[in-house]
Every structure is written in C-alpha cells, then in structure tokens.
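Secondary and tertiary structure notes
Here are the chains, one letter per residue:
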Amino acid sequence: MAHLRPRRRLALAVPVVLSLTASLGFLPSAASAVPIAETTAQAADAPNLAYVVNTRLDHHTINSVKKAINAAGGTIVVTYEKIGVIVVHSANPDFGARIRAVRGVQSAGATRTAPLSLASTTDEGAVQYLSKDQAAKTAKASAAAGDSEPLEADQWDLPAIGADKAAKINPGSKSVTVAVIDVGVDDTHPDIAPNFSASQSANCVGGKADTTYGSWRPVDSAHYHGTHVAGEIAAARNGIGVAGVAPGVKVSGITVAEPDSTQLFYPESVVCAFVFAADHGVEITNNSYYVDPWLYNCMDDPDQRAIVDAVNRAQLYAQSKGTLNVAAAGNSNDDLDSDALVDDSSPDDSTATPRTVDPHKCFDVPTQLPGVVTVSSVGAKKAKSYFSSYGQGVIDVSAPGGDALQIPDTPSKNGRILSTLPNNSYGYLQGTSMATPHVAAVAALLKSTHPHASPAQLQALLKAEADNPGCPTAPYDTNGDGVADATCVGGKRVNGFYGFGIVNALRAVK
C-alpha cells in the first residue's frame, strides 16, 4: 500500500480462545445455503453506512430478521444463511440500535465510520522495483549457481527455509490451492499464470462475490501487494523470473480491498472472502491485512463486537470445510502479550482517536480469531525483523519476511523479499505480509504431502517441523543505541519472537 498500516495479532492459546468464545457467547455451526442478493426499502435522510447483522441460524429467525431490517430502513446486500450473517446498507442513524433489539439478532453493528462511496496490508515501506541492470546481474549469478530461475540468486528466503531443495522432491500438488485474500492478483504475470486458478477467484468488495472473469485483478499498479504475495507462494519454476516456495500448487485471488487509494479491507468483504474460499475448495487462505476500520475491535462496543462476530463466523465456517487460515502478526514491533497497547490509528476510515486497549479484550481481526495461524517475520540472518510484532504465547510460527538491516550474501545485497509485481514486473518488499505467504506455502506443501490433514493437523505439523533459533543471548538492539528494542520471553522450544520456530519447507515434503 501507499501508506503503512501496522498489523497486530494476539495468541490463539486456550485462554484467548475461551475469552473470545465467552465474549461472543457462541461459536456458530455450519448450515447449507448460497448467498441471496436482495433489495428492500431504505431511508435516505442520512449518510449511508454498511452493517453486519448476525443472527441465529434457523431459517425462521433469518426470515423474521430480514423483515425487521426492511422495517428499520435497511437494504439487504447479501444473506449468508449458512453462518447467519446479513450484510445491510442503511441511511437510518438508528438502524444499529433498532436491529439489535430484534428477537434472534445476536449482534449487529456498522462496519465503517465513513459513509459508503459509489464505488490494510502489512508491508513495511514502499515497494522497490527491480532495475534492468540489477536483473541482469542477478541472472548472471543465478546461471553460475545453477539456479532454475533467472532471479533466484536474489531469493535468499528460499534456501533459508529449504524451499529450493524441497522443490526438487515435491513442488506441491496441483490439487492444493492457496487463496490470496488481498488487493487483487495479476494472473497475467508469466510467473503466476501457470499456477493460477480462476475458478477459485473472485472480487468480494462490498460483501457479495463477483466471479466475472478478471474481477480479481488489481485495479492499477499501486495495488501491487496481492501479486507480490501470490508470487512468493506459487511463482512457477518455468525459467522466468522468480520461484515460489510451493511452485507446484495452485494460487487464487480474492479481492477484498477498496479499489481507491485507501485500499481498506472492510468486514463484509472479508466475510465474503472466507465463505467463498470455503465453498470453492480452497485449502489455505493467506491474510496479510487487518480488518478495517478498527485495528482492535473491543467487545464492549456493539459495532466492533459485531465485526468480530461476523468475521469469526466466516473463518470458522472455512475451517469446518477444511481450510487453514494464515495471518500476519504486524509491523509495530509491539509485545502483543502486554496488558495495554496504544491504538492511535482507529478508525482509519475517518478521524482516528488515540485509545489504550487491552489486547486480551479488544481483538485484532482476523488474526486473533480461533484456529488462525499467527506469523512473525525474520530477516536474512534468521533474527526477528526489526519491525515484526512478537509476544510469548502470541506467535505460532515465523518465516522470512525481510529486513533491510539484515544484509544477505546475494547479488543485490537486498534484505527484503523479491517477488512478482503487476505488469510483468518484479520488486522487493518487507513485512509480516511477506512472512505470511511463506507459511501459507509451506502449509500447502504439507497438504500436498498429507492430503487428508485437517487445518488443526496442518498447524500442528507447521509447529512440529519448525526450527527455533531461541531467544537471543544479547539484548535485541537493532539501531545500536544501547537500548533493547524488544525483549524475547520463552525458551528454545517456543518463545515470543519465533513462536515454535521458523517454518521448514524441506521437512514438509519428506
């Protein structure tokens, strides 16, 4: 994105899961239905806002609530009966309060603070495009090293997790798909096209899936994030450009970011993405974002509670259908196991008001939801990236996400991650956004090796096969000012910097 959007994530340890469950009051079961597009009457005397209305799952309740939505001045955009989530637009300023009082409604609230227009990612800093001169230099080094891809010599991240060796054993199965829930994927890129699954791709902006051919593509070159992520996962070993960690698996794109310069990820779009992925046989989703407009969603606020509820229902539904969801921890260098954090960026779609939140009670979505894999970032020296958030009992696993301060022995000496960009380009990014697709790709290799593994089993394998560097013995001082920039808590097996360790692609295929 053009601006930084720090990403934070709390642990999925049992106490956190129980806390979330207790706060919501339930974990919904899955039913069967397809989204139903509808139109009802709408008030027009105030700014139009989007809402999620979360109900009990029986058809009688849902039909009754839909009538109440109409009476309260709401327009139904789509109904996901299988999870009891209804996406609504309304210009009635009292809509939220009125609908929360309706029998069968378990939570309801606005998904944004700014009016709907007619029409959040976790990379740290602006993209650096690969120059022609550097590409030529890298291609020469790759050829000398016997690499299959012209730019592979600059991909220090592949050997860091054994992905180069893993590809020679098992590059991944074509029956496994990783969906990139993001700003769009340029499937015309020659490194992505061979492995792209159009049938599992869509545009979910606004909450209703659009499967028109090409709808998943980025609207312009500024929406580059999803294409970079897709290449990290599954860029083909085809003698062109770069290689992905799992160059034999399929990758799809589900666009959820607003098409304007904000590139915001609203809850209704993410709900649509999880349900679409689950219903289209996606095995793994990559989530390198947080759901806007709130960095943390506090359960004592009815709007924020409804956001947590709706997205949780959708991602739990995906898990129930066999989908593993992987998400980034964030770029704030925050200890996410602390008692209090300052959120000075929310709401990010209007005027932010600084607030102090307890991350055990205010949830980052989707990363804090039950069963989601939380990923921190490491650099070329396998040390925690200077920007990566961390926390004992918070991070599940770690992976290469880049760090400009950790210089690799590569032709470019660039510590960021090299991957694909729209319009047949390549470039470098760093962030927990870049670490997450490495984990998603290793999970895809695990799924290729163990096709019947459940999401929980895949997560357990990721942890069991990871390599943990352990907490550093010297103070973690990235800028050399003599002051520790972060404190690692834990032991060699599991700790706050790396969770259970850095994922290992080679072990995944053995």
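Further up the page is the structure itself.
Residues numbered from 1 in each chain as written. Predicted model: local features only at pLDDT ≥ 70, side-chain atom pairs only at ≥ 80, totals over all residues. Heavy atoms only, no water.

1. Things to note about the overall build of the protein chain
- A tally of regular secondary structure across the protein chain gives twelve helices and 18 strands.
- The proportion of buried residues among the 510 residues of the protein chain is 61%.
- Surface accessibility of the protein chain: about 17400 Å² in total, with carbon and sulfur atoms responsible for 55%. (Helix = DSSP H or I, 4+ residues; strand = E, 2+ residues; numbered from the N terminus. Buried < 20%, exposed > 50% of the residue type's maximum accessible area, 1.4 Å probe, protein only. Areas by Shrake-Rupley, 256 points an atom, 1.4 Å probe, with all protein chains shown as cover.)

2. Thoughts on the packing of helix α10 (residues 432–449) against helix α11 (residues 455–464)
- α11 packs onto α10 with a crossing angle of 110 degrees between their chain directions and a minimal axis gap of 10 Å. On the basis of their axis angle, the class for α10 and α11 is roughly perpendicular. Viewed along their axes, α10 and α11 form a crossing whose handedness is right-handed. Note on element contacts: α11 touches α10 through Leu458, Leu461 and Leu462, opposite Val439, Val442, Ala443, Leu446 and Lys447.
- A class-by-class count of the residues in the contact of α10 with α11 yields seven nonpolar, no polar and one charged. (Axes fitted to C-alpha atoms, helices over the stretch in contact; angles between N-to-C directions. Parallel < 35°, antiparallel > 145°, perpendicular 65-115°, else oblique. Left-handed = near helix turned anticlockwise from the far one by under 90°. Contact = heavy atoms within 4.5 Å. Nonpolar A, V, L, I, M, F, W, Y, C, P; charged D, E, K, R; others polar.)

3. Comments concerning helix α2 (residues 59–71)
- Taking 1.5 Å of rise per residue, 13 residues should cover 18 Å, and α2 covers 19 Å from first to last C-alpha, within 8% of that figure.
- At its buried positions, α2 is contacted by β1 (49–55), β2 (74–80), β3 (85–90), α3 (95–100) and β4 (105–110).
- Immediately beyond the C-terminal end of α2, within one or two residues, lies glycine 73, with a positive phi of roughly 85 degrees. (Expected span 1.5 Å × (residues − 1).)

4. Brief notes about the sheet that holds strand β15 (residues 373–378)
- Strand order across the open sheet formed by seven strands is β7-β8-β6-β9-β11-β15-β16, with parallel pairing between neighbours. Two strands in the sheet have a free side with no partner beyond their single neighbour: β7 (202–203) and β16 (397–400).
- Pairing of β7 with strand β8 (residues 250–255) involves two bridges; the strand directions are parallel. Bridge pairing in β8 places alanine 202 opposite isoleucine 254. (Pairing = 2+ DSSP bridges.)

5. A short note on the packing of aromatic side chains
- Inspection of the entire model under this criterion finds eight aromatic pairs.
- Arranged with centres 4.8 Å apart and planes meeting at 15 degrees, the rings of phenylalanine 265 and tyrosine 289 form a pair that is stacked. Of this pair, phenylalanine 265 sits in the loop between β8 and α8 (267–279) while tyrosine 289 sits in the loop between β9 (284–287) and β10 (297–298), placing them 24 residues apart in sequence.
- Phenylalanine 265 gets classed as buried once you look at its relative accessible area, which sits at 0%.
- On the accessibility criterion, tyrosine 289 (0% relative accessible area) is buried.
- An aromatic cluster is present here, built from Tyr390, Tyr476, Phe497 and Tyr498 joined pairwise through their rings.
- Taking NZ or CZ as reference, arginine 112 lies 3.7 Å from the ring centre of tyrosine 266, over its face.
- Geometry around phenylalanine 497 places lysine 384 over its ring, the cationic atom sitting 5.6 Å from the centre. (Phe/Tyr/Trp six-rings, centres within 6.5 Å; stacked < 30°, edge-to-face > 60°. Lys NZ or Arg CZ within 6 Å of the ring centre and 35° of its normal.)

6. Describing the sheet that holds β3
- Spatial strand order, β2-β3-β1-β4: four strands in an open sheet with antiparallel pairing. At either end of the open sheet lies a strand with only one pairing partner, and these are β2 and β4. In this sheet, neighbouring strand axes are inclined to one another by 20 degrees on average, regardless of whether the strands run parallel or antiparallel.
- With six bridges joining them, β1 and β3 adopt antiparallel strand pairing. By the bridge assignment, alanine 50 is partnered in β3 with histidine 89.
- The strands that α2 touches are β1, β2, β3 and β4; relative to β2, the one it contacts most, it runs at about 155 degrees.

7. With respect to the environment of alanine 314
- Position of alanine 314 relative to the elements: it lies in helix α9 (residues 302–320).
- Residues alanine 314 and valine 271 lie 43 residues apart in sequence; the distance between their C-alpha atoms is 5.4 Å.
- Among residues more than four places away in sequence, those in contact with alanine 314 are Ile83, Val271, Phe274 and Val275.

8. Re the state of the cysteines
- Enumeration according to the criterion identifies three disulfides in this entry.
- Across the disulfide, cysteine 204 is cross-linked to cysteine 272 (sulfur-sulfur distance 2.1 Å). Its S-S torsion of about -60 degrees marks the bond between cysteine 204 and cysteine 272 as left-handed, since a negative value means left-handed. Of this pair, cysteine 204 sits in the loop between β7 and α7 (225–234) while cysteine 272 sits in helix α8, and the two are 68 residues apart along the sequence. (Disulfide = S-S within 2.5 Å.)

9. Digging into the side chain of glutamine 315
- Looking at the secondary structure, you find glutamine 315 in helix α9.
- Polar contacts involving the side chain of glutamine 315 include one to the side chain of asparagine 325, which spans 3.3 Å.
- With sequence-adjacent residues up to four places away left out, glutamine 315 is seen in contact with Phe274, Asn325, Leu369, Pro370 and Val372. (Polar contact = N/O pair within 3.5 Å; in protein donor to acceptor, adjacent residues only side chain to side chain.)

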